[in-house]
Every structure is written in structure tokens, then in C-alpha cells.
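This is what each chain is made of:
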Amino acid sequence: MKTLVILSHPSIGESGSQQFLIQSVNDHNHVTLHHLEREYPDGIIDVKKEQNLLLQHDRIIFQFPFYWYSSPPLLKHWQDEVLTEHFAYGYRGDKLHGKEFGLVLIIGVGEKEYESGGQEGFSISELTKPFQAVAKKTGMTYLKPFSIFQFAYKTEEEKMELLIAYQQYLSLKEADSLKAKEEWMLKQLEELSYDKIPVDEAPFIIDEAISMLEDNRLELDELRLHIDHYAD
Amino acid sequence: MESVEWLVEQLDKLVKESRDYKQKALLLSTKKLIQEQEKRKEQLSGELDGRLWSPGSWRE
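Since the structure is predicted, the reported quantities are computational estimates derived from the model, not experimental observations.

Draft legend 1. Representation of a nonpolar patch on the surface in the model. All names here are of chain A. Judged by side-chain polarity, Tyr-67, Trp-68 and Tyr-69 come together as a nonpolar surface patch covering roughly 400 Å² of accessible area. In this structure, Trp-68 sits in the loop between β3 (59-65) and α4 (73-82). On the accessibility criterion, Trp-68 (75% relative accessible area) is exposed.

What follows is the structure, given as C-alpha cells:
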């Protein structure tokens, strides 16, 4: 599966969170990072090129700071220009059908403010309705957004967990499933390089971790089987 | 349980010693994933116990 991240940020160099996310995936060959403001500093979009990029990928992600409950202006302009009739909708406009569409939102205030009764008063699901409508109209499957609240206040450990969750959001078929996460993790562990860990027994520990992940999965499946049996 | 604790400790050690940020993140998440599996196992065992003790299934 190939993922296209369409990134929009007017001053990306100053954004710690965006830099962090870019670094997280810069060596993944199945992920294309596409920064609109860098590609089109004059705002003139090459529509054919953008449509071709869309065609070459299976999962399309819009990644942006959630300014005034919407995207930066260039991303809106990109939608106006690129998602044209006969391509994205209308007669023979089925080029995006079957693809997946997700959002990575960088949000400056805390998560609780986006609950009903919170300071913002509306939920992310409500405020992202226009993007959900785009997915519906273009025949794409809308993914649950990946929202990052108050990045700057996160602890180092939280940032590390975020890094992995973000990689999984971009590459996992079902990012919410524990089983899918296990399979992803096993693959990463099997490909781990040891030259950056100065611990002799590191390969042994990793082997043990792999066995435990696999054994636990067997046990979980077996437990589920028994439960289903008694549920009948 | 003992081997889980041992493994968690060893993974923490690798997180500390690794010189690569992304690798540290991966090792930390491996630990968290194992802990999540352990939690699910406990939950499912509890659910299974509950079902075995459910009067509804005693009639069989």
C-alpha cells in the first residue's frame, strides 16, 4: 500500500511538530511526503501532476495545523484546483474510488476542549465534516483522523509513542486493531539493525520479545475462541 | 508473569542504550504492546470466567 501525505503549513520550518512528523517517515519508501507550500510557493498548482500523484497512491492523507477549524489556504486552493469534475466526481469522475482518505491534524489546545461543553464547544468529528463530505463525494473511505493535541507539552515518552502511532496510521491497513499492530511490530523487529545498540545481548532480547508477542497472540486467539464457544 | 517483567526491564534497558531515536521509539512501543497484550489476556480470561459461571449456560 502506498500513502501520499499532502502537507500544508505556511511556516513549516518553525513547526516543531511538523518537523518531528517529517523525520518520522523520511526513510519509508511506501510513504510520499508532499509539501504544498514548498512545491508551489507562488500558489500556482500543476493540476495534472497532482492528479497523477493521487492516482499512484492508495491512501491519501491531508496533514495540517488546524487553524480556525480548517486547513491553511493553499490546501483549500489545492482541493478547488485538483479535485475536478470527471476526475474526482461527476461523469467518469471515479479516479479516487476505493482509496482511503485520512487527516493528520495538529491542534494547539487540549483534547478536552473539543468535547461538548469544552472551550471550543464542538468535536473534531463535527468540525471536520467538510473533509468527510469530500471523501463521500469522491468515493474514498474516510479514516478516523489522527489528531495531535498540544505537541509541545508532550513528554519524551509520549512523543516516542506518537512517532510509532503516526507511522502506523500511514501504513497499517487497520490502524486500530491490536493484531495489525502486532504484525507491524514483528516485521519491524525482524528488520532491526543492531549497530546502534551497544548491548551484546540485544539480539537475544529482541528474539524473546518476538516470541512473547507471538505466544500472546496465540493465547489471545484461543481465549477468544473459548469465549465465542460459550456465547453460543 | 515473571518473564514479562524480565522482558519489560530488558526492553527498557535497550531503549536507554540505543543511540537512534526512532529505534528507541520502536523498542518502547514494543514494550507497551506486550503490556497491552497482557492486559487483554487478563480481560479475556475474566470474561471467560464470567461466562463459565453464568447460570444461563448451566442448563446445558
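Draft legend 2. Molecular detail of the interface of chain A and chain B. Each side of the interface is counted separately: chain A has 47 residues, and chain B has 37 residues. Here chain A meets chain B over a buried area of about 3,800 Å², counting both sides, of which 72% is carbon and sulfur. Linking chain A with chain B are five salt bridges, by the criterion used here. Run the count over chain A and chain B and you get twelve residue pairs in polar contact (both at pLDDT 80 or more). Elements supplying a minimum of two residues to the side of chain A that touches chain B: α1 (16-25), α7 (156-171), α8 (178-190) and α9 (202-231) of chain A. It is α9(A) that provides the largest number of residues to the side of chain A that touches chain B, a total of 18 residues. By residue class, the composition of the side of chain A that touches chain B is 24 nonpolar, eight polar and 15 charged.

Draft legend 3. Here's a closer look at empty space enclosed by the protein. Residues and elements named next belong to chain A. Counted according to the given criterion, the structure contains one cavity of 30 Å³ or more. Approximately 30 Å³ is the volume found for the largest cavity. Lining the largest cavity, in full, are Leu-54, Ile-60, Phe-62, Trp-78, Leu-83, Leu-96, Phe-101 and Met-140. Among the residues forming the lining of the largest cavity, the class breakdown is eight nonpolar, no polar and no charged.

Draft legend 4. Up close: the pattern of salt bridges. Applying the stated criterion across every chain, the model contains 22 salt bridges over all chains. The partner of Glu161(A) in a salt bridge is Lys32(B), with the nearest N and O atoms 3.7 Å apart. With Glu161(A) in helix α7 and Lys32(B) in helix α2 (residues 21-52), this pair bridges two chains. Among the ionic contacts, a cluster of salt bridges with common partners joins Lys179(A), Glu182(A), Arg217(A) and Asp221(A).

Draft legend 5. Inspection of the domain arrangement of chain A at higher detail. Residue and element names in this part refer to chain A. Along its sequence, chain A is carved into domain 1 (3-175) and domain 2 (177-232). Tallying the contact residues gives seven residues for domain 1 and five residues for domain 2. When the two sides are added together, the surface that domain 1 and domain 2 hide from each other amounts to roughly 560 Å², 63% of it contributed by carbon and sulfur. Our count for the domain 1 to domain 2 interface comes out at zero salt bridges.

Draft legend 6. Just the side chain of Gln23(B), in detail. Structurally, the position occupied by Gln23(B) is in helix α2. Residue Gln23(B) is classed as buried on the basis of its relative accessible area, which comes to 8%. Here Ser18(B) takes part through its side chain, which lies 2.8 Å from a polar atom of the side chain of Gln23(B). Ignoring anything within four residues of it in the chain, the contact list for Gln23(B) reads Leu192(A), Ser193(A), Lys196(A), Ile197(A) and Ser18(B).

Definitions and limits used
Residues numbered from 1 in each chain as written. Chains lettered and ligands numbered in written order. Predicted model: local features only at pLDDT ≥ 70, side-chain atom pairs only at ≥ 80, totals over all residues. Heavy atoms only, no water. Patch = residues over 30% accessible without salt bridge, like charges linked within 9 Å, V, L, I, M, F, W, Y side chains within 5 Å. Areas by Shrake-Rupley, 256 points an atom, 1.4 Å probe, with all protein chains shown as cover. Salt bridge = Lys/Arg side-chain N within 4 Å of Asp/Glu carboxyl O. Helix = DSSP H or I, 4+ residues; strand = E, 2+ residues; numbered from the N terminus. Buried < 20%, exposed > 50% of the residue type's maximum accessible area, 1.4 Å probe, protein only. Contact = heavy atoms within 4.5 Å. Buried area = accessible area lost by both parts, 1.4 Å probe. Polar contact = N/O pair within 3.5 Å; in protein donor to acceptor, adjacent residues only side chain to side chain. Nonpolar A, V, L, I, M, F, W, Y, C, P; charged D, E, K, R; others polar. 1 Å grid on protein atoms, 1.4 Å probe; cavity = no way out; pocket = protein on both sides within 12 Å on 5 of 7 lines; lining within 4 Å. Points joined across faces, edges and corners; volume = space filled by probe spheres on them. Domains from an automatic or database assignment.

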